[in-house]
Amino acid sequence: MPKRDFVRLFDLNSEELTHVLDRAAELKRLQKAGMSTPVLEGRTLVMIFEKSSTRTRVSFEVGIQQLGGRAVFLSSADCQIGRGEPIKDTARVLSRYADLIMIRTFAHETVKTLAEHAAVPVINGLCDLHHPCQILADLQTVRERRENLAELKIAWFGDGNNVAHSWIEAAGRLGLHLVLAVPPGYEPMADIVEEARAAGGRIEITDDPRAAALDADVLMTDVWTSMGQESQTQQRNAVFHPLQLNAELLGLAKRDAFVLHCLPAHRGEEITEEVLEGAQSAVFDQAENRLHAQKALMEFLVTASTT
Ligand code: CP
Ligand code: NVA
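Before going into details, it helps to say that this report is about the structure given with it. Numbers given to residues run from 1 along each chain, matching the order in which its sequence is written. Both sets of labels track the order of writing: A upward for chains, 1 upward for ligands. Where totals are concerned, whole chains, interfaces and linings use all residues; where local detail is concerned, this predicted model gives features only for residues with pLDDT of at least 70, and gives and counts side-chain atom pairs only at 80 or more. By convention in this description, side-chain values take in all heavy atoms of the structure and omit both hydrogens and water.

**Here's the deal with the pattern of salt bridges**
Close approach of charged atoms allows side chains of opposite charge to pair.
Thought 1: The working definition used for a salt bridge is a side-chain nitrogen of Lys or Arg within 4 Å of a carboxyl oxygen of Asp or Glu. Under the definition given, this model contains 23 salt bridges.
Thought 2: The closest approach of N and O atoms between E299 and R23, which form a salt bridge, is 2.6 Å. Of the two residues, E299 sits in helix α12 (residues 283-306) while R23 sits in helix α1 (residues 14-32), which places them 276 residues apart along the sequence. With respect to class, E299 is no different from R23; both count as buried. Secondary structure follows DSSP: runs of H or I at least 4 residues long count as helices, runs of E at least 2 residues long count as strands, and numbering of each begins at the N terminus. Only protein chains enter the area calculation, which uses a 1.4 Å probe; residues under 20% of their type maximum are buried, those over 50% are exposed, and those in between are partly exposed.

Here's what the structure looks like:
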């Protein structure tokens, strides 16, 4: 059996994605009931971070502990990656010590190279192109509120970035209707959109936030300036301003619509305080679900790679 990686959301087929989401819901129920689930007892996850993180770091570390394993945290600044050791060497060495590797980095190519040379499953904990673990948690949050995912209008406001790309792939895998309001020049990558459409996703791209918000069931956004883009902040603030997720846009959506944001949020920029803290916000359930979804993912990858 070749080992399995989660470099992008498309690395799971529809059945596998549904299985991971079902298992995430089950693991959440078991954890709330105080039941232990030591399915990865004695296993070790190595986590490499080349960018900052709160949710990803803590949810992976706590998640592997709750499954009976342990985590090793590596900041690239403190290990030999930061001094130029090739990623393919790092991949082979870490594979001799660990059962899983998670990486948060800049170039998607780095994650791919790590996965190619590692003998154990590699998980993308965010790169410049994808944030697939986030979307597992997002999908779990939507499924907790709605049964008919394929009938929903899911609206994205802002950058056609890593989080948007992974949502586009989820739309492909699950046949979702995803409308992205993005400014010209900040559209998601055309090949990712085309691949997801070919897989069955109903993906629309517009520069009109009101059209995207109209009768939407789910509204979501992300920071206008992602990690590594800080030099563009001023320009991005000006371009993205009309796409702010505020009460006016939310007012165009269905009455029972809810709001997602992967966090960290910049209140007053991509989302208002009123919307983020309002009754229709699901963002803290969404953040919690990182833990449950990633536990299900780690169990799936280890099991699928060894059976
Ligand atoms: N949403 C998310 O990935 O958060 P962190 O950057 O805190 O990990
Ligand atoms: N798009 C954001 C997501 C942060 C979780 C970034 O890449 O910085």
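**Structural notes on the site of ligand 2**
Thought 1: Close contacts around ligand 2 come from L126, N161, N162, D222, V223, S226, M227 and L263, and that covers them all.
Thought 2: Two N or O atoms form a polar contact when they lie within 3.5 Å of each other; inside protein one atom must be a possible hydrogen donor and the other a possible acceptor, and for residues adjacent in sequence the pair counts only when both atoms belong to side chains. Contact distances for ligand 2 include 2.6 Å between a nitrogen atom and a side-chain N or O atom of D222.
Thought 3: Contacts to ligand 2 include M227, whose backbone N or O atom sits 2.8 Å from an oxygen atom.
Thought 4: Its free accessible area being 270 Å², ligand 2 has 95% of it covered by the protein chains.
Thought 5: For this classification, Asp, Glu, Lys and Arg are treated as charged, while Ala, Val, Leu, Ile, Met, Phe, Trp, Tyr, Cys and Pro are nonpolar and the rest, including Gly, are polar. Tallied by class, residues from the shell around ligand 2 come to four nonpolar, three polar and one charged. Here a residue is near a molecule or strand as soon as one of its heavy atoms is found within 4 Å of it. Surface accessibility follows the Shrake-Rupley procedure with a 1.4 Å probe radius. Residue values consider only the protein chains on display as shielding.

**With respect to the sheet that holds strand β7 (residues 202-206)**
Thought 1: Strand order in the open sheet formed by five strands is β7-β6-β5-β8-β9, and the pairing between neighbours is parallel. Both outer strands of the open sheet, β7 and β9 (258-261), are each paired with one neighbouring strand and no more. Across this sheet, the average inter-strand angle for adjacent strands is 20°, counted without regard to direction.
Thought 2: Taken together, the four bridges between strand β8 (residues 218-221) and β9 define a ladder with parallel strand orientation. Two strands make a pair as long as DSSP finds a minimum of two bridges between them. Each axis is a line fitted through C-alpha atoms, and for a helix only the stretch in contact is used; angles between axes span 0 to 180 degrees, taken between their N-to-C directions.

**Quick word on the packing of aromatic side chains**
Thought 1: When the centres of two rings from Phe, Tyr and Trp lie within 6.5 Å, Trp using its six-membered ring, the rings pair. Their planes under 30 degrees apart give stacked, over 60 give edge-to-face, and anything left gives tilted. Applying the stated rule across the entire model yields three aromatic pairs.
Thought 2: These aromatic residues form a ring-pair network of at least three members: Y186, W224 and F240.
Thought 3: Put simply, a charge is over a ring when the Lys NZ or the Arg CZ is close to the ring centre, within 6 Å, and near the line of the ring normal, within 35 degrees. Sitting over the ring of F106, K51 keeps its end group 4.7 Å from the ring centre.
Thought 4: Between R145 and the ring centre of F258, over which it is positioned, the NZ or CZ distance is 5.6 Å.

**A few points about the sheet that holds strand β4 (residues 122-124)**
Thought 1: Within the open sheet, the four strands sit side by side as β2-β1-β3-β4. Their pairing is parallel. The two strands at the open ends of the sheet, each matched to only one other strand, are β2 (70-75) and β4. Between one strand axis and the next, the sheet turns through 20° on average, direction left out of account.
Thought 2: Sheet analysis places strand β1 (residues 44-49) next to β2, joined by six bridges and oriented parallel. Bridge assignment links L45 to a residue of β2, and that residue is A71.

**Some remarks on helix α3 (residues 87-97)**
Think of an α-helix as 3.6 residues a turn; residues three or four steps apart then line up on the same face.
Thought 1: Where α3 is concerned, the buried positions are I87, T90, A91, L94 and S95. Viewed along the axis of α3, the buried residues span an arc of 130°, placing them on a single side of the element.
Thought 2: Note on definitions: a residue-residue contact is assigned when non-hydrogen atoms from the two residues lie within 4.5 Å. In the core, the buried residues of α3 are packed alongside β1, β2, β3 (100-104) and α4 (108-117). This arc is taken over the directions from the axis of the helix to the C-beta atoms.

**Side note on the side chain of E270**
Thought 1: Relative to the helices and strands, E270 is located in the loop between β9 and α11 (273-276).
Thought 2: Counted as positive: Lys and Arg. Counted as negative: Asp and Glu, with His and the chain ends omitted from the count. Here E270 sits buried without a salt bridge, and the closest side chain of opposite charge, R267, lies 8.2 Å off (N-O distance).
Thought 3: A polar side-chain atom of E270 sits 2.7 Å from a polar atom in the side chain of H261.
Thought 4: Polar side-chain contacts of E270 include one of 2.8 Å to the backbone nitrogen of H266.
Thought 5: Setting aside residues up to four positions removed in sequence, E270 forms contacts with T221, D222, V223, W224, L243, Q244, L245, H261, P264 and A265.

**A look at the environment of F157**
Thought 1: Residue position: F157 is located in strand β5 (residues 153-157).
Thought 2: Between the C-alpha atom of F157 and that of A212, which follows or precedes it by 55 residues, the distance is 8.0 Å.
Thought 3: Once residues within four sequence positions are removed from consideration, F157 is found in contact with A181, P209, A212, A213, L219, M220, T221, D222, L243, L245 and L249.

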